[in-house]
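Survey of secondary and tertiary structure
Listed below are the residues making up each chain.
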Amino acid sequence: LKISIQDFSKAMSQAGSSQFQEVIRQELEYSMKVELDKILATAHSNEIEHTKKDLEGFKKLFHRFLQEKGPSVDWGKIQRPPEDSIQPYEKIKARGLPDNIASVLNKLVVVKLNGGLGTSMGCKGPKSLIGVRNENTFLDLTVQQIEHLNKSYNTDVPLVLMNSFNTDDDTKKILQKYSHSRVKIYTFNQSRYPRINKETLLPIAKDVSYSGENTECWYPPGHGDIYASFYNSGLLDNLIAEGKEYIFVSNIDNLGATVDLYILNHLMNPPNGKRCEFVMEVTNKTRADVKGGTLTQYENKLRLVEIAQVPKAHVDEFKSVSKFKIFNTNNLWIALSAIKRLQEKNAIDMEIIVNPKTLDGGLNVIQLETAVGAAIKSFENSLGINVPRSRFLPVKTTSDLLLVMSNLYSLNAGSLTMSEKREFPTVPLVKLGSSFTKVQDYLRRFESIPDMLELDHLTVSGDVTFGKNVSLKGTVIIIANHGDRIDIPAGALLENKIVSGNLRILDH
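Residues numbered from 1 in each chain as written. Predicted model: local features only at pLDDT ≥ 70, side-chain atom pairs only at ≥ 80, totals over all residues. Heavy atoms only, no water.

**Focus on the pairing of strand β5 (residues 159–163)**
- Of all the five residues making up β5, five are buried; the element is thus mostly covered by neighbouring parts of the structure.
- Taking every second residue as pointing to the same face, both faces of β5 are buried, with L159, L161 and N163 on one and V160 and M162 on the other.
- Here five bridges tie strand β2 (residues 108–114) to β5, and the two strands are oriented parallel to one another. Each residue of the ladder has a partner; that of N114, found in β5, is N163.
- With five bridges joining them, β5 and strand β6 (residues 185–189) adopt parallel strand pairing. (Buried < 20%, exposed > 50% of the residue type's maximum accessible area, 1.4 Å probe, protein only. Helix = DSSP H or I, 4+ residues; strand = E, 2+ residues; numbered from the N terminus. Pairing = 2+ DSSP bridges.)

**Observations concerning the nonpolar core**
- Residues I226, Y227, F466 and I488 are the most contacted members of the largest nonpolar core, which totals 107 residues.
- Broken down by element, this core gets its largest block of residues, six residues, from helix α6 (residues 138–153).
- Inspection of this core shows a minimum of three residues originating in each of domain 1 (75–391) and domain 2 (398–500).
- Leave out the neighbours within four places in its chain, and F466 touches F436, R445, F446, E447, P450, V460, L472, I478 and I488.
- Ranked by size, the runner-up nonpolar core spans 27 residues in total, among them M32, I39, F65 and Y193. (Core = buried A, V, L, I, M, F, W, Y, C linked by side-chain atoms within 4.5 Å. Domains from an automatic or database assignment. Contact = heavy atoms within 4.5 Å.)

**Observations regarding the layout of surface pockets**
- Computed from the structure, the second largest pocket encloses a volume of approximately 1,300 Å³.
- If you trace the second largest pocket, you find 38 residues lining it, with D54, S191, D225, S229 and N232 closest to the centre.
- Counting only elements with at least two residues in the lining of the second largest pocket, the list comes to α3 (48–67), α7 (168–175), α8 (226–232) and α12 (336–344).
- Top element by residues in the lining of the second largest pocket is α3. It accounts for nine residues.
- Looking at the lining of the second largest pocket residue by residue, the classes come out as 11 nonpolar, 14 polar and 13 charged. (1 Å grid on protein atoms, 1.4 Å probe; cavity = no way out; pocket = protein on both sides within 12 Å on 5 of 7 lines; lining within 4 Å. Points joined across faces, edges and corners; volume = space filled by probe spheres on them. Nonpolar A, V, L, I, M, F, W, Y, C, P; charged D, E, K, R; others polar.)

Here it is in structure tokens:
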């Protein structure tokens with residue numbers, strides 16, 4: 001029986017046909033099981049164990065996907081979180097630090113989400129290996145930060161990388177260069193799930209291999225997979241046995257996500273004596289963050305609501321900066337014992353994100369994913385902490401890269417901090433056009449990174465290059481018309497200027 005996703009959706013929307021819906025669901029689950037069994041049968045003996053675990057996890061997710069209908073939040077139930085459930089960072093910092101901060105640090109593990117490739121920036125291989133500052137990669141900066149902590153406090157904070165099958169080999173090769181650093185580095189792998197054909201809702205993979213032409217058949221199922229794969233790897237138990245109590249999880253491309261001793265102290269020595277199992281760092285929305293997930297109160301629990309879960313009629317309300325003032329930075333502090341307890345009870349509940357993709361050959365597929373922060377509602381005594389914007393410094397595009405490479409930031413022991421010479425703490429808005437999308441092209445277009453200390457806004461479009469020692473101040477807009485080229489000369493100072501197609505420089 002072949003059933004398309006359209007038939008399935010139609011059947012699901014017809015009221016009063018629950019028996020019919022159940023029959024269709026069972027058919028789809030049965031067909032999926034048959035296909036997954038065929039795939040498992042192609043595994044070599046040394047692959048069977050972990051392939052089986054991956055496919056079991058996928059089957060659970062697929063089962064839930066068939067059960068759930070439409071956006072998974074009832075908009076009427078969404079409330080603003082109670083005052084004390086999101087604490088201002090200043091209040092937590094005001095408590096100061098105890099004398100025994102080293103013993104508190106020794107209970108911590110830093111986990112970086114390292115499953116992503118640098119493809120959106122035109123790079124091959126793991127994104128964490130892109131150079132971001134003075135030849136240092138994201139991974140170099142992370143290791144330097146933790147090494148500095150361990151040396152300063154004479155502690156043993158380990159670094160754990162959650163890799164995906166896309167990044168594991170390249171990352172492991174590069175780890176040899178840190179063998180003499182004062183950081184123990186561990187890795188574990190995310191699950192590998194099969195992409196499914198949008199029409200048939202069946203896997204497009206025919207066997208377990210994921211190299212060559214089969215690369216597109218598989219995907220890592222989002223960072224919500226951390227709980228199961230960390231537990232399954234055995235590393236969670238080993239770290240608990242070593243006396244570790246909390247993990248600090250963040251995206252490896254968020255250069256603001258450094259270990260914060262005040263937050264750690266708040267977790268380990270809570271003022272009311274009751275420890276939090278889960279802390280999410282949130283920060284105030286700006287116009288650039290309107291799509292970010294937000295923390296709400298839902299059925300008496302803190303809950304992360306992502307834009308994909310919002311009914312269409314309420315999307316504008318969700319994006320409003322006045323109603324939902326904060327968003328999730330994906331910097332999370334989670335108790336190891338709680339992950340173990342919930343994982344063993346199969347009690348971690350995360351909404352399913354349906355991510356549609358079109359493959360190179362034009363085939364439409366969907367991948368079922370989950371997000372790590374969505375599990376907040378499964379933990380006891382969760383808390384949001386409203387942190388300064390400086391703890392959210394993600395590098396997703398070359399526009400972000402320009403900011404972190406510039407003199408807006410100074411680098412110290414692997415940590416970037418806003419230069420004291422900048423008069424106001426906000427980051428300039430930078431929009432580089434499509435000629436700058438790939439890192440190689442971007443680097444070719446700047447002989448040196450401009451002075452941006454007094455910049456508010458930069459827009460660049462078309463074939464533009466920058467000479468050495470250019471200074472940008474105020475609002476600068478540079479637009480080369482199609483077929484034209486603009487070379488900003490070395491030493492140029494552009495302050496509140498619009499530079500157009502034929503290199504006329506106008507006051508803004």
